[in-house]
Amino acid sequence: MGAAYFYHLTATPLEKTLPMLLGKAREAGWRVLVRGQDAGLLERLDQVLWQDGFLPHGLAGGPHDDDQPVLLGSGTPSDGFACVMSVGGGDVTPAEVGLLDRTCILFDGHDEAALGFARGQWKMLTDAGCTAQYWAQEDGRWTKKAEK
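An account of the accompanying structure is given in this report. Note that this is a predicted model, so its numbers are computed, not measured.

A look at the pattern of salt bridges
Turning to step 1, where the next piece is worked out: One pass over the full model with this rule turns up five salt bridges.
Turning to step 2, where the next piece is worked out: Salt-bridge contacts for Lys-145 lead to Glu-138; the nearest nitrogen and oxygen are separated by 2.3 Å.
Turning to step 3, where the next piece is worked out: When its relative accessible area of 37% is taken as the criterion, Glu-138 is described as partly exposed.

Here we look at the packing of helix α1 (residues 14-27) against helix α2 (residues 39-51)
Turning to step 1, where the next piece is worked out: Contact pair α1 / α2: the axes reach a minimum separation of 10 Å and the direction vectors enclose 65°. Remark: the crossing between α1 and α2 carries right-handed chirality. Facing Leu-14, Glu-15, Leu-18, Pro-19 and Leu-22 of α1, the residues of α2 in contact are Leu-41, Arg-44, Leu-45, Val-48 and Leu-49.
Turning to step 2, where the next piece is worked out: Split by residue class, the contact of α1 with α2 holds eight nonpolar, no polar and two charged.

Details of helix α4 (residues 112-127)
Turning to step 1, where the next piece is worked out: Spanning 16 residues, α4 covers 22 Å between terminal C-alpha atoms, matching the ideal 22 Å at 1.5 Å per step.
Turning to step 2, where the next piece is worked out: Considered for burial, the residues of α4 that qualify are Ala-114, Leu-115, Ala-118, Gln-121, Trp-122, Leu-125 and Thr-126. Each buried residue of α4 lies within a common arc of 125° when the element is viewed along its axis, so the set occupies one face. Facing away from the buried side of α4, by more than 90 degrees, are the exposed residues Glu-112, Ala-113, Arg-119, Lys-123 and Asp-127.
Turning to step 3, where the next piece is worked out: In this structure, the buried side of α4 is in contact with β1 (3-9), α3 (94-99), β6 (102-108), β7 (131-138) and β8 (141-147).
Turning to step 4, where the next piece is worked out: For α4, the side-chain oxygen to backbone nitrogen distance between the N-cap and Ala-113 is 2.9 Å, and the N-cap itself is Asp-111.
Turning to step 5, where the next piece is worked out: Among the residues trailing α4, Gly-129 stands out with phi positive, at a value near 95°.

Here's the deal with the sheet that holds strand β5 (residues 83-86)
Turning to step 1, where the next piece is worked out: Strand order in this open sheet of eight strands is β3-β4-β2-β5-β6-β1-β7-β8, and the pairing throughout is mixed. Taken across any chain shown, the strands that pair with only one partner, and hence form the sheet edges, are β3 (58-59) and β8.
Turning to step 2, where the next piece is worked out: Note: β1 against β6, seven bridges, orientation parallel. Each bridged residue has a counterpart across the sheet, and for Leu-9 the counterpart in β6 is Asp-108.
Turning to step 3, where the next piece is worked out: Along the sheet, α4 makes contact with β1, β6, β7 and β8, crossing β6 at roughly 155°.

Side note on the pairing of strand β2 (residues 32-35)
Turning to step 1, where the next piece is worked out: A two-sided burial pattern is seen for β2, the buried positions comprising Val-32 and Val-34 on one face and Leu-33 and Arg-35 on the other.
Turning to step 2, where the next piece is worked out: Note that β2 and strand β4 (residues 70-73) share four bridges and pair parallel. Bridging from a neighbouring strand, Arg-35 pairs with Gly-73 of β4.
Turning to step 3, where the next piece is worked out: In this sheet, β5 lies alongside β2 in parallel orientation, the contact comprising four bridges.

As for the nonpolar core
Turning to step 1, where the next piece is worked out: Counting 26 residues, the largest nonpolar core has Leu-22, Val-32, Val-34, Met-85 and Leu-106 as the members making the most contacts within it.
Turning to step 2, where the next piece is worked out: Of all the elements in the fold, those that place two or more residues in this core are β1, α1, β2, α2, β4, β5 and β6.
Turning to step 3, where the next piece is worked out: The greatest single-element share of this core, amounting to five residues, is contributed by α1.
Turning to step 4, where the next piece is worked out: Not counting residues up to four positions away in its chain, the partners in contact with Leu-106 are Tyr-7, Leu-9, Leu-14, Thr-17, Leu-18, Leu-21, Met-85, Ser-86, Val-87 and Gly-88.
Turning to step 5, where the next piece is worked out: Formed by 13 residues, the second largest nonpolar core is a distinct cluster that contains Val-97, Ala-114, Trp-122 and Ala-132.

So, how was this worked out
- Counting from 1, residues in each chain are numbered in the order their sequence is written.
- Local features in a predicted model are, by the rule used here, given only for residues with pLDDT of at least 70; side-chain atom pairs are given and counted only at 80 or more, and totals for whole chains, interfaces and linings are based on all residues.
- To obtain the side-chain values, all non-hydrogen atoms of the structure were included, while hydrogens and water were left out.
- Basic side-chain nitrogens of Lys or Arg form a salt bridge, by our definition, when they fall within 4 Å of a carboxyl oxygen of Asp or Glu.
- Whether a residue is buried, partly exposed or exposed follows from its accessible area with a 1.4 Å probe, protein chains only, as a fraction of its type maximum: under 20%, in between, or over 50%, in that order.
- Note on definitions: angles span 0 to 180 degrees between N-to-C directions of axes, and those axes are lines fitted to C-alpha atoms, for helices only across the stretch in contact.
- Numbering of helices and strands starts at the N terminus; helices are DSSP runs of H or I of at least 4 residues and strands are runs of E of at least 2.
- It is the rotation of the near helix from the far one that decides the hand of a crossing: anticlockwise by less than a right angle makes it left-handed, clockwise makes it right-handed.
- The contact rule is simple, with two residues in contact once any of their heavy atoms fall within 4.5 Å.
- Throughout, the ten residues Ala, Val, Leu, Ile, Met, Phe, Trp, Tyr, Cys and Pro are labelled nonpolar, Asp, Glu, Lys and Arg are labelled charged, and all others, Gly among them, are labelled polar.
- The span one expects for a helix is its residue count, reduced by one, times 1.5 Å.
- The arc refers to the directions leading from the helix axis to the C-beta atoms.
- The definition of a polar contact used here is a pair of N or O atoms within 3.5 Å, where within protein one atom must be able to donate a hydrogen and the other to accept one, and adjacent residues in sequence count solely through side-chain atom pairs.
- Here, any two strands with at least 2 DSSP bridges between them count as paired.
- Remark: nonpolar core denotes a set of buried residues (Ala, Val, Leu, Ile, Met, Phe, Trp, Tyr, Cys) joined through side-chain atoms within 4.5 Å.

So this is what it looks like as structure tokens:
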């Protein structure tokens, strides 16, 4: 059974944090689905991943989705994904957390709606018995602040 890691972005934006987390996930050998609901955000992240030290990936809907080590899209993970990274309010279910090695929920700490959504996801997932960790930035480093 996997765990949900919540990343409260305050000092480093998503465009810098996501490539770092994807690099760690790929080092672990995981295939990753980056899930978001905003196509514009996913397209922007697609450009960032091409420019920020090449990370092989693709946008969902292409002819090689099944071959992508990192896929950006809004769907549910098919077989072969070990990790989902939720961005921009992409929903995560307790069943997914249980099936995946890792679920990461990245949210903007300066956006009240994003904070509220992340709090709701934390409560829903932990109430369902999922293991969860809350990470925040402190003095330029990521620090685990809570675990349930």
